[in-house]
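What follows is each chain in one-letter form.
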Amino acid sequence: MAIAASKRAGDTVESAVLQRYPELRHVSDDVEEHYDAVTVSLLSPSRDLPFVGLCLLEVGTVVEIKSAMVVYGENQRRGRFLIRENQHEHLLEEGGVYLFAVCAPTPERDIIAAKVVPASLVDEFEFSWVSRKTRSSYAQFAWSRVFAPKEVEGQ
């Protein structure tokens, strides 16, 4: 069975994030479907990975990696992050975080900007859950809810 283009792109970014930050260890979907990584050593904010509302990530913190292209479509709209409600609820229960990455609209998906945000603060992004019959409800929001435009467009 072929992998959907969006899943393939997400996997590409996930791999790049895991290579860039050795403090994170990959967690496969067959082990845990609600997050992509766990911290295996202390992770502190840096110039290329700022944190919102946190001073550090302790060992064992669960991390969901979400990516969006800087622009997409003919109108070059800002990319969107997609989160799933059941996954978000699990991250809230675990005290987990999202690692949001904005990427170039190329097959390599080079990371332009990245940021760590606790799941508990993501609810402040003012979005609505969209119900689906076959999968968990989801929400989408533009990367500009997470990043100031100068953090991304100035790169």
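Look above for the structure.
The rules behind these values
- Residues numbered from 1 in each chain as written.
- Predicted model: local features only at pLDDT ≥ 70, side-chain atom pairs only at ≥ 80, totals over all residues.
- Heavy atoms only, no water.
- Helix = DSSP H or I, 4+ residues; strand = E, 2+ residues; numbered from the N terminus.
- Rg over C-alpha atoms; globule rule 2.2 N^0.38 Å.
- Buried < 20%, exposed > 50% of the residue type's maximum accessible area, 1.4 Å probe, protein only.
- Contact = heavy atoms within 4.5 Å.
- Lys, Arg positive; Asp, Glu negative; His and termini not counted.
- Charge placed at Lys NZ, Arg CZ, Asp CG, Glu CD.
- Patch = residues over 30% accessible without salt bridge, like charges linked within 9 Å, V, L, I, M, F, W, Y side chains within 5 Å.
- Areas by Shrake-Rupley, 256 points an atom, 1.4 Å probe, with all protein chains shown as cover.
- Salt bridge = Lys/Arg side-chain N within 4 Å of Asp/Glu carboxyl O.

Enquirer: Run through the overall build of the protein, naming residues and quoting values.
Expert: From N to C terminus, the protein includes 4 helices and 9 strands. For 155 residues, the compact-globule estimate of 2.2 N^0.38 gives 15 Å, and the C-alpha radius of gyration of the protein, at 15 Å, lies within 12% of that figure. A principal-axis box enclosing the C-alpha atoms of the protein has dimensions of 40 × 40 × 35 Å. A total of 155 residues make up the protein; the buried ones form 43% of that total. Counting only contacts in the protein whose residues sit at least 6 apart along the sequence, the fraction spanning at least 24 positions is 54%. Counting 17 positive and 23 negative side-chain charges, the protein places the averaged centre of each group 7 Å from the other.

Enquirer: Explain unusual backbone geometry to me, using residue names and the numbers behind them.
Expert: Backbone geometry places R109, a non-glycine residue, at a positive phi of 55 degrees. Relative to the helices and strands, R109 is located in the loop between strand 7 (97-103) and strand 8 (111-118). The exposure class of R109 is buried, given its relative accessible area of 18%. A positive phi is found at E126, a non-glycine position, where the angle reads about 55 degrees. Looking at the element boundaries, E126 is found in the loop between helix 3 (119-122) and strand 9 (138-142). The exposed category is assigned to E126, whose relative accessible area is 66%.

Enquirer: Give a description of a negative patch on the surface that names residues and reports values.
Expert: Together, E89, E93, E94, D123 and E124 make up a region of like negative charge exposed at the surface. Relative to the elements of secondary structure, E94 occurs in helix 2 (residues 85-94).

Enquirer: Just give me the short version of the pattern of salt bridges, but keep the residues and values in it.
Expert: All told, the structure shown has 3 salt bridges when counted by the stated rule. When the shortest N-O distance is used, the salt bridge between E64 and K66 registers 3.4 Å. The pair E64 / K66 is uniform in exposure class, with both members buried. Two residues, E153 and R78, come together in a salt bridge whose shortest N-O distance is 3.2 Å. A residue pair is termed long-range when its members are at least 10 positions apart, and E153 in helix 4 (residues 149-153) and R78 in strand 5 (residues 77-78) qualify at 75 residues. By relative accessible area, R78 is classed as partly exposed at 29%.

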